[in-house]
Amino acid sequence: MRQGLAVLLLFGLGLAAAQQPAEPAPQPKLPPPLLSPQAAYDQASAPVDITRRAVANWSDVEINALAAAIAQAKDACRARATQAYTGSDLIAYARLCALGKEWQTTYVAATTYINSKDPAKPLLGQAYAFEVQADLNLVHAKEAEATCIAMLRSVPYTSLTDDVTTATIQYLQYAF
């Protein structure tokens, strides 16, 4: 009887195994889609960008080049007047003056852009970012906080607005 039960059990297991569907044949793997040229460039240059983010990783040559760029930007900023510019040229001027660490002029250029009567202000987020940067470097913490709030109410939340508000919060935490 035991033998008959064992054969029946083995026979049943054999039927069960035969009734299970066979594993599907493996599908050939397709190569991943190609990235756009800009995305491929960004991916390829990411290790260099990450390494260069920290000034501690810079060589003496790079530090000296930055110092020369700051001095040149300072001279170029001082040779110009905010009143001569409108629109995107004001943002370019603010960028130049920020590189030259001319914070009062950076502030004036950014706020002139923000307060302009021009309804189209495609660089409004950048203008707020320069105003906050100037405020923080001029040690105007309350103004920087108020500018961040105005920025959050005026422009879409992007990586730029996130960076600016995060830097401001960290500054305020450190300073106070």
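Since we're looking at a predicted model, the values are computed, not measured. (Residues numbered from 1 in each chain as written. Predicted model: local features only at pLDDT ≥ 70, side-chain atom pairs only at ≥ 80, totals over all residues. Heavy atoms only, no water.)

To continue, consider the side chain of Glu131. Inspection of the secondary structure puts Glu131 in helix H6 (residues 124–137). Although buried, Glu131 forms no salt bridge, and the nearest oppositely charged side chain, Lys121, lies 10 Å from it. Sequence-distant contacts of Glu131, defined by excluding residues within four places in its chain, comprise Tyr107, Ala110, Thr111, Ile114 and Thr147. (Helix = DSSP H or I, 4+ residues; strand = E, 2+ residues; numbered from the N terminus. Buried < 20%, exposed > 50% of the residue type's maximum accessible area, 1.4 Å probe, protein only. Lys, Arg positive; Asp, Glu negative; His and termini not counted. Salt bridge = Lys/Arg side-chain N within 4 Å of Asp/Glu carboxyl O. Contact = heavy atoms within 4.5 Å.)

Relative to the elements of secondary structure, Leu138 occurs in the loop between H6 and helix H7 (141–154). In this structure Leu138 comes out as partly exposed when scored by relative accessible area, which is 26%. Separated by 31 residues in the primary sequence, Leu138 and Tyr107 place their C-alpha atoms 9.3 Å from one another. If near-sequence neighbours (up to four positions away) are discounted, Leu138 is found in contact with Trp103 and Gln104.

Counting 25 residues, the largest nonpolar core has Tyr113, Leu124, Tyr128, Phe130, Val132 and Val164 as the members making the most contacts within it. Counting only elements with at least two residues in this core, the list comes to helix H4 (88–99), helix H5 (103–114), H6 and H7. Ranked by the residues each element gives to this core, the list is headed by H6, at eight residues. (Core = buried A, V, L, I, M, F, W, Y, C linked by side-chain atoms within 4.5 Å.)

Two elements in contact, H4 and H6, have axes separated by 10 Å at closest approach and are oriented at 30 degrees. On the basis of the axis angle, H4 is roughly parallel to H6. Here the hand of the crossing between H4 and H6 comes out left-handed. Residues Ile91, Ala94, Arg95 and Ala98 of H4 touch H6, and the partners they reach there are Gln126, Ala127, Phe130 and Gln133. Considering only residue class, the contact of H4 with H6 consists of five nonpolar, two polar and one charged. (Axes fitted to C-alpha atoms, helices over the stretch in contact; angles between N-to-C directions. Parallel < 35°, antiparallel > 145°, perpendicular 65-115°, else oblique. Left-handed = near helix turned anticlockwise from the far one by under 90°. Nonpolar A, V, L, I, M, F, W, Y, C, P; charged D, E, K, R; others polar.)

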